[in-house]
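Chain residues, written in single-letter form:
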Amino acid sequence: MSTNNSNNPTPTSQPAIPPTLSHLTPLTKNELLLLSTYDQIKQYEKISAKLKATEAKRRLEEADERYRAKVRERERLENGGDDVGENKKKNDGEDSAARYDDDDSSDDSEDDAAKQQRIQKQQQRQLEITQLREEIEAKSQKDVERDAAKKREEEMRRELLGPEGKKMKKKRPREEGGDGGLATMAESEQQNDVTTNNDFLQEHDDDHHDMDNESSFMPTTSSQPSIISGPSIKKKRLDNPSSSNTNPSTSLIANISGGATPIHDFSTKLKMSKTSLDGSILFPTTIGETPWRPPTNPINFMDGCFELDLPDFDPKNLSSNSNTNNTVAIKFHAPQESSRFSINIAAPNHNGYDSILFHFNPRQFQRGGQLVINNKNESMWGNDLSVPLSQLPLVFGKQACTLIVQMTEEGFDVFVEGVHCARLEHRMALPKLKGPLCLQFPASDDYGNPEDWEVYRVWWGHKDSMAGKDLSGVAGVNLYSSVHPKKLFVSGLPKIHSDPEVDLRRAEMERAFRKYGGPNGAVLVSVQKDSTFAFVEVASEQQADLALVEMAGRYRVNKARRTKHEALMEERAAKEAAEKGIVKD
C-alpha cells in the first residue's frame, strides 16, 4: 500500500502545456522535460511557502506564551500571591497551573520577598510625608516671623511720623469678613501711607526754613523706642484745617504718573508736542484722530499709502547756522508679530516714487533682524546699508517708539529713541529750489506683502544737529571723502553670467572710455560676473567730469563711491610723496 507524500512531488509523465505555448506543439522531448522540471519547481515553492508560514506561526505562539508568562509573573508579584493571582493562574490553563504548582517552596520565598518590598515602600512613603510636613511647618513659621517683622516695622514708622501716624491707624477702615475685608484694609492703609509721605515731602519743600529752628528737633529720651536715635521732623501746622478736606493733596504715585508722557506724544525733552516757531504737527490734524494703519490687503505699495508734504525745505541752507526745516519726527508702534514697515522721503518730481532720496525699512525676520536704509534712482535700488536690529533700541513690540530723521549737508542722519544709529550720505541731487519734500508711508513692499505698524504723530521743523562729534561707530558714516575723484560707476547694463561675457563687457568699456584715459588711452575697467554694472577709472578728475557730460546719453554714469581701503591707500601715497618732497595734484 503506497501513500502520497505532498512534500515530495513527482514529475508527471506528460506535463500540461501552457496555453501560451500551444502554437509550438508538438514539443520535443527536451522541451517536455523542461516543462516538467518547471512544474516541479513551482510545487516546491508552494511547499516552502507553507512551511515558512507554519514556522512563523509557531514562533509567534511561543513569543505570545512567553509574554503571557511574564505578565502573570508580574501580576503575581504585585498582588503578593493572594487569591487574585490564583484565579488568574486557573484561567490561563492547565499548563501554567502545573508550572506554578511544581515548587511550593520557591513560591513562599517569592511571596516573602514581595511582602518585604511592599513594607519598604510603605516606610519610604511615610518618611516622605514626614519630611513634607516638616517643610510646611518651617515655611509657616517663616511666614509668621515675616509678618511679625512687618508689624514691628510699621509700628516704628508710625512712631517716626508722630501723632499723625497714630491717628491714621485709628481712622483706618475696619471691615469684618474674609479675604475681601483684609484686602480692602491693606489697600487703604497703603494709600494713606503714600498720602502722608507726600504731605511730608510737600511740607518739607514749602517750609524748609522751619528745619533751621531749634524747636523742630527733639532729643531722644528713654521712653522713646530705641530706633529713634536721630532728630524727628516737626510737622507743619495748617492755617486752614478745613481746606485739607475740600482739596486733598494727591499721592506721590499720582504726581509721578501725572507727569509721564502719553504714548501718542513726543517726549517733553524734544519740544515737539505743540506748534511753535521751530516746527508743527503734521499728523494728526484734529484732536482725537485715530492713528494711521496700512490696509490689510493692498494691491501694491501705493494702494492706501499715507502721504504728507514736508513744506519749506531749502537745500541751500542745510548748514547748522540756518533755521530751515530739516527734521522729521515720527511716533509709531510696530507690533511684536510685525515683519516689516518702511518710510520714504522723496523730491516732488519722484514720478510715482520711482526715485526716492531716503528709504527706512526695519525687517524683523531677515537675517536675524536688519534695518535696511537705501535710495532709489529711476526704479533702481542702490546699494543698501544694513544695520543689525540687535545694535539698535527696541523697535518691534514696544508700546511706542520715536524715529527722527535729520537732513544735513552730509546726508540723512537716523535716530531711534535718541540713538544715532545710521547715516545715509546723499546719493542723489536734492531739489535746487526751496519747496516741499514728500513723506510716504507705503502700504506694502515691492512684492505686495502688507506692512504692519501704527503712526501716532508726525512733526516737521528745524532742530539743531543731534549728531555727536564721535561718529566712528555710526553705520554709513564715511570719515573720508565719499566720492572717488576719477572712478565712474556705469549702471543699467544687461546682466552677464559667464566669463566670456565679462571679457566682452570689459572690452566694450575700454573702447567707450578710451578717450578719457590720457595720452595713452589707458583706463582701468572692473567687471563682475552676474552683474549689471561696471567701474571705469579714467586718467584724472577733469576727464571724469567730462565723461559724465559726454557719455550721459549713451550710459547711465555716476561718480563711484570710494571705499575705505582706497581712501587709506591714497592717504598713504600722499604722505609718502610729502616726505619725498613730491607735490601731487
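Residues numbered from 1 in each chain as written. Predicted model: local features only at pLDDT ≥ 70, side-chain atom pairs only at ≥ 80, totals over all residues. Heavy atoms only, no water.

Counting its secondary structure elements, the protein contains 11 helices and 17 strands. In the protein, which comprises 585 residues, the share counted as buried stands at 31%. A fraction of 67% describes how many contacts in the protein between residues 6 or more apart in sequence connect residues 24 or more apart. Total accessible area on the protein stands at roughly 39000 Å², and carbon and sulfur atoms take up 51% of it. (Helix = DSSP H or I, 4+ residues; strand = E, 2+ residues; numbered from the N terminus. Buried < 20%, exposed > 50% of the residue type's maximum accessible area, 1.4 Å probe, protein only. Contact = heavy atoms within 4.5 Å. Areas by Shrake-Rupley, 256 points an atom, 1.4 Å probe, with all protein chains shown as cover.)

The calculated volume of the largest pocket comes to roughly 1400 Å³. Taken together, 41 residues form the lining of the largest pocket, with Asn383, Arg427, Phe489, Lys559 and Arg561 sitting closest to its centre. Going through the elements one at a time, β6 (370–377), β7 (380–381), β11 (419–425), β14 (483–491), β17 (556–561) and α11 (564–580) are the ones with two or more residues in the lining of the largest pocket. Of all the elements, β17 adds the most residues to the lining of the largest pocket, at six residues. (1 Å grid on protein atoms, 1.4 Å probe; cavity = no way out; pocket = protein on both sides within 12 Å on 5 of 7 lines; lining within 4 Å. Points joined across faces, edges and corners; volume = space filled by probe spheres on them.)

Attention now moves to the pattern of salt bridges. Scanning the model with the defined rule gives 21 salt bridges in all. Its salt-bridge partner being Glu451, residue Arg340 comes within 2.9 Å of it at the nearest N-O pair. You can see Arg340 sitting in the loop between β3 (327–333) and β4 (343–346) and its partner Glu451 sitting in the loop between β12 (435–441) and β13 (454–461), a full 111 residues away along the chain. With respect to burial, Arg340 and Glu451 carry one shared label: buried. (Salt bridge = Lys/Arg side-chain N within 4 Å of Asp/Glu carboxyl O.)

By secondary structure assignment, the location of His359 is in strand β5 (residues 356–363). Along the backbone, His359 and Asn374 are 15 residues apart, and their C-alpha atoms lie at a distance of 5.1 Å. Apart from residues no more than four positions distant in its own chain, His359 is found in contact with Ser342, Ile343, Asn344, Val372, Ile373, Asn374 and Trp381. Side chain to side chain, His359 and Asn344 meet in a polar contact 2.6 Å long. (Polar contact = N/O pair within 3.5 Å; in protein donor to acceptor, adjacent residues only side chain to side chain.)

Position of Gly468 relative to the elements: it lies in the loop between β13 and β14. Residues Gly468 and His420 lie 48 residues apart in sequence; the distance between their C-alpha atoms is 8.4 Å.

With that settled, consider the side chain of Glu451. Take Glu451: its relative accessible area is 4%, and that puts it in the buried class. There is a polar contact of 2.9 Å between the side chain of Glu451 and the side chain of Arg340. Residues in contact with Glu451, not counting those within four places in the same chain, are Pro294, Arg340, Phe341, Ser342, Pro442, Ala443, Ser444 and Asp445.

Let us now look at the confidence of the model for the protein. For the protein, the average pLDDT comes to 78, and 72% of its residues sit at 70 or higher. Across the protein, the element-wise mean pLDDT spans from 44 in helix α7 (residues 243–246) up to 97 in β4. Across residues 1–6 the pLDDT falls below 50, and counting only partners more than four positions away or on other chains, this stretch makes one contact in the model. Low pLDDT, under 50, characterises residues 172–188; the stretch is placed with 10 contacts to residues that sit more than four places away or in other chains. (pLDDT = per-residue confidence, 0-100.)

It is worth spelling out the sheet that holds strand β10 (residues 411–416) at this point. Pairing is antiparallel across the open sheet formed by six strands, whose spatial order is β1-β13-β3-β9-β10-β11. The open sheet is flanked by β1 (279–283) and β11, the only strands paired with a single partner. Adjacent strand axes in the sheet meet at a mean angle of 20 degrees when their direction is disregarded. Where β1 lies against β13, four bridges are found, and the strand directions are antiparallel. What sits directly across from Gly279, in β13, is Gly461. (Pairing = 2+ DSSP bridges. Axes fitted to C-alpha atoms, helices over the stretch in contact; angles between N-to-C directions.)

On to empty space enclosed by the protein, then. For the coordinates displayed, the defined rule picks out three cavities of 30 Å³ or more. Each pocket or cavity is described by its volume, and for the second largest cavity that value is around 40 Å³. Together, Leu357, Asn375, Phe412, Leu424, Glu425, His426, Arg427 and Met428 line the second largest cavity.

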